[in-house]
Amino acid sequence: MTKTAKPAQRARRSASSSSETIDLGHLPDLVGYALRQAQLAVFRDFLKTFSRFNIRPVQYGILTVIERNPGLKQQHVCLAIGIRRANFVTLLDDLEHRGIARRGPSAHDQRASALYLTKKGEAFLRKLRKANKDHEKRIAAGLSDGDRKLLIRLLGTVKTSADTPQR
C-alpha cells in the first residue's frame, strides 16, 4: 500500500497531464527546496515585470550597487553581489554597450577600473526602481510589513548558517 502524500507534498506533473500528481516526499519540508521554489516563482515574476527593459536580476543588482557606490572597483561589486568576475565582465560589457554604465579610471588604483552609471543609466535605474516596487508589492502581497521584514531577516540567518564552515 502506498502512502498518500499531504497536499503540500503534491506537485502537478505537467500542464498536459494536470490530473496526475507526484509525491514529493520530504522535499517540501526542506529549507533549500522551499527557497528554490520561492526563488523560481520570484524570478518568473521579475522576468515578466522587467522584460520590457531587457534586464536580468543580477544586472539590476549591479546597477543598484554602482549607483550607491560610484567609483567602486569591479572586484568589489562582484563580492558584494556574489558573482564570479568572469560572469561579471560579460554583464558589465552589456550594460556598457547599452550606454547605461561605464568604466573609468579609479582614483585610488591606476591599474583598476572604477564603475559609474551614465546619465542614461541613472534615468534607466529610476524606471527600474518603479517597476521593482510593483514587483516587490506583488510577490509579498500575502505578507504584512512585519512578516516581510521577518522573512528577510530569517533568510539572512539561513544564508549566514549556510556560509558558516562546518567544524
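This text gives an overview of the structure that appears in the document. (Residues numbered from 1 in each chain as written. Predicted model: local features only at pLDDT ≥ 70, side-chain atom pairs only at ≥ 80, totals over all residues. Heavy atoms only, no water.)

**Overview of the nonpolar core**
Residues F50, I55, I62, L63, F88 and L128 are the most contacted members of the largest nonpolar core, which totals 25 residues. Among the elements that line this core, the one with the most residues is helix α2 (residues 57–68), at six residues. Those residues within four positions of L128 in sequence are excluded, and the remaining contacts are F50, F53, I55, Y60 and L63. (Core = buried A, V, L, I, M, F, W, Y, C linked by side-chain atoms within 4.5 Å. Buried < 20%, exposed > 50% of the residue type's maximum accessible area, 1.4 Å probe, protein only. Helix = DSSP H or I, 4+ residues; strand = E, 2+ residues; numbered from the N terminus. Contact = heavy atoms within 4.5 Å.)

**Regarding the layout of surface pockets**
In this structure, the largest pocket encloses a volume near 970 Å³. Lining the largest pocket are 21 residues, and of these V42, F43, E136, I139 and L155 sit closest to its centre. Of all the secondary structure elements, the ones that give two or more residues to the lining of the largest pocket are α1 (31–50), α2, α5 (119–139) and α6 (145–163). (1 Å grid on protein atoms, 1.4 Å probe; cavity = no way out; pocket = protein on both sides within 12 Å on 5 of 7 lines; lining within 4 Å. Points joined across faces, edges and corners; volume = space filled by probe spheres on them.)

**Describing the packing of aromatic side chains**
With the rule as written, the count across this model stands at five aromatic pairs. A centroid spacing of 4.0 Å and a plane angle of 10° characterise the contact between F46 and F50, whose relative ring orientation is stacked. Here F46 and its partner F50 are both found in helix α1, four residues apart, which amounts to about one turn of the helix. Considered together, F46 and F50 belong to a single accessibility category, that of buried residues. Taken together, a centroid distance of 6.1 Å and an interplanar angle of 55° make the contact between F50 and F53 tilted. Grouping aromatic residues by their ring pairs yields a cluster made of F46, F50, F53, Y60 and F124. (Phe/Tyr/Trp six-rings, centres within 6.5 Å; stacked < 30°, edge-to-face > 60°.)

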